[in-house]
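For reference, the chains in residue letters:
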Amino acid sequence: MSTEKFSATVMNPVAKVETEAAITPAARLTCLEGKKIALWWNGKSKGNVALNTIAERLKKDYNAETVFFKQDLFHSEEAFAAVTDVGCAAVVAATADCGSSAVTLTRDLCALEKMGVPTVMLIAKPFLLISNAELRLKGLFKVSRAVMEHPLNSLPEEEAAQVADALYDAVVKGLTQDGEALDTPEAEAARPIEEKAEPERITIEGENYFDFSTNLNRYFINHGWSDGLPLVPPTEAAVNRMLSGTKRGRDEVLLKYQPGNGVATIEKIAVNCVMAGCEPSHLPVVAAAIEAMHKDGFNITSLTQSSGADTPMVMVNGPIAKEIGMTAEGACLGPGKYSAVNTAIGRAVRLTMMNIGHCYPSIRDIDTLGSPNKYALCACENEDDNPFNEPYNVEKGFKPGTNCVTTMPCQSFMDVEDLESGRPEDLLMTIACTIDTMGWPGARSWMGFIDPNVMHVTVIFAPDHARLITNSGWTKFDVRQYLYAKCRRAWGQFKHLVIPRIKDGTVHPGYRWLATASDDTEVPMVRDPSYFDIAVIGGAAGKSALSMNIGCPTTVEIKK
């Protein structure tokens, strides 16, 4: 019996991060007496309560004047300049109490510190790691933060004020003393293993191949490089074979992958494709999906760093889908042999989000629960059984027969079962009543107080449902108009979510009349009919689906 051990060298799937030039932190204030302090609010619930509580203490203790900056000034050079234009000497900002808000608030404060304005951030403890990652990316290695144990948004206003009062001393300290250093040896040692550099080539050993495979998967899981399922070893030979599926050079930089600004070379994408179980012909599809996610409107920054289970849904159009073995019919979203190609492509996209985009769970991916959809959510449109007069990509402006990838920024994927309706009106009423859920932020974001305020719904018709629509002479235009007319909810059922935002001024002026509207006033769930996108996917039976998005679907051509 052979006792020879098995070993192999595999390629590191993690992309290098391109960081920005170091920022010199602004000098802290020598005293607060009579100073003018900006209160910088990002619109998160109860953040204004916290800032007003701190303002009262600053006025009482130091006769400080405060100036309130609301959400509508955010993320622009004009907003940052406004702080100094009115003579503010420092900024207190709230609230970093979810993944995306922690990142955007951190970015704002980096910009202000770069301008020479000292800042203090109110942040919930669970979001320190994501803030640290963004600080290092932006080049700010010293930061002042007042840390609360839990987010404010679920607290009554009285309790939120009490939390802010308890943070007051930390705010004063942050305004007048140097903040926490992120570049000390101790801070570096405490960084998550996912953020620590590893060799580009790694040799894994085992007593035999099966032991090697176990050790490989354990190593990748421990370093955060795995989605938790068994991986194919990304040896150099396997990666070279994967690269044969594209005409692009291995060192070509596709883009800087967000949110971590990872350098997305074709080689790094290929490494992750190998790990996911892809074939070389799948590589151009994965690369196109990455490009689509970085198009304007998709909202990749929020999707990747949200505390929700947001994930891209990938849909392929064109002859390439059949050429590489994708399926658009029954169980196309898995599991099983028929959806194997779909699954591998979707899985590869997720692995690139982690290892190239540096969106690792508990660091930048601050998902409260997670979702099996985040492993792989990929299919192609059922063009052969699509009764509408053109497939999705042609409707979006591409020529017939063009190979395309669409990515949908899916917050929630919902089934729509209707085996009874025989008229378009009845079927679409079922769909409309499924869409009008207040758990989807798009149902109120269009009023202006959630960023982004353009969140689409992708209606994924099963072929049988699509035929019911078209057999009655209805078009996609008719579907959109009907859904917009019927997808409404009584104001009294969700006014508790909006009236506080009307009072604090973050709802667009044109909708503030709702504050005095009667409870039975019907309010649309989207701004206009264009918010509905339509695709045809699936097999037999009257079961369609909805991708409730936190941005807009984006489509690009696949380049081999």
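Given the structure is predicted, the values throughout are model-derived calculations rather than measurements. (Residues numbered from 1 in each chain as written. Predicted model: local features only at pLDDT ≥ 70, side-chain atom pairs only at ≥ 80, totals over all residues. Heavy atoms only, no water.)

Novice: Residues and numbers for the overall build of the protein chain, please.
Specialist: A count of helical and extended segments in the protein chain gives 19 helices and 20 strands. Relative to the 2.2 N^0.38 estimate, which gives 24 Å for 560 residues, the radius of gyration of the protein chain is 26 Å and therefore close to what a compact globule would have. Each principal axis of the C-alpha distribution contributes one length, and for the protein chain these read about 70 × 70 × 40 Å. Within the protein chain, residue pairs in contact and separated by at least 24 positions form 82% of the contacts whose partners lie at least 6 positions apart. Accessible surface for the protein chain amounts to roughly 23100 Å². Of this, 51% is attributable to carbon and sulfur atoms. (Helix = DSSP H or I, 4+ residues; strand = E, 2+ residues; numbered from the N terminus. Rg over C-alpha atoms; globule rule 2.2 N^0.38 Å. Contact = heavy atoms within 4.5 Å. Areas by Shrake-Rupley, 256 points an atom, 1.4 Å probe, with all protein chains shown as cover.)

Novice: Describe helix H5 (residues 157–176), and please don't skip the residues or the numbers.
Specialist: Side chains three or four residues apart in an α-helix point the same way, a direct result of the helix having 3.6 residues per turn. Compared with an ideal rise of 1.5 Å per residue, which puts 20 residues at 28 Å, H5 spans 28 Å between its outermost C-alpha atoms and is within 8% of the ideal. Along H5, the helix axis deviates most sharply at Leu 167, where the bend reaches about 45°. Residues Ala 160, Ala 164, Leu 167, Tyr 168, Val 171, Val 172, Gly 174 and Leu 175 constitute the buried set of H5. For H5, the elements touching its buried residues are helix H1 (47–62), strand S4 (90–96), strand S5 (119–124) and strand S7 (145–148). (Expected span 1.5 Å × (residues − 1). Bend = angle between axes of the 7 residues up to and from the residue. Buried < 20%, exposed > 50% of the residue type's maximum accessible area, 1.4 Å probe, protein only.)

Novice: Tell me about the pattern of salt bridges, residues and numbers included.
Specialist: The full count for this structure, using the stated rule, is 36 salt bridges. Residue Arg 136 pairs with Glu 195 through a salt bridge whose shortest N-O separation is 3.9 Å. Taken together, the positions of Arg 136 in helix H4 (residues 128–138) and Glu 195 in the loop between helix H6 (185–189) and strand S9 (201–206) put the pair 59 residues apart, joining distant regions of the chain. Take Glu 195: its relative accessible area is 22%, and that puts it in the partly exposed class. (Salt bridge = Lys/Arg side-chain N within 4 Å of Asp/Glu carboxyl O.)

Novice: A description of the side chain of Gln 305 should follow, citing residues and the corresponding values.
Specialist: Structurally, Gln 305 is set in helix H11 (residues 300–305). Separated by 3.1 Å, the side chain of Gln 305 and the backbone oxygen of Thr 301 make a polar contact. Not counting the four nearest positions on each side in its chain, Gln 305 is found in contact with Gly 99, Ser 100, Val 103, Ile 130, Pro 259, Arg 364 and Ile 366. (Polar contact = N/O pair within 3.5 Å; in protein donor to acceptor, adjacent residues only side chain to side chain.)

Novice: Got a sec to walk through the pairing of strand S10 (residues 253–257)? Specific residues and values, please.
Specialist: In terms of strand pairing, S10 meets strand S11 (residues 262–265) through four bridges, oriented antiparallel. Residue pairing in the sheet places Val 253 in a bridge with Thr 265 of S11. Hairpin remark: S10 followed by S11, antiparallel, with four residues in the connecting loop; positive phi at Asn 261, about 60°. (Pairing = 2+ DSSP bridges.)

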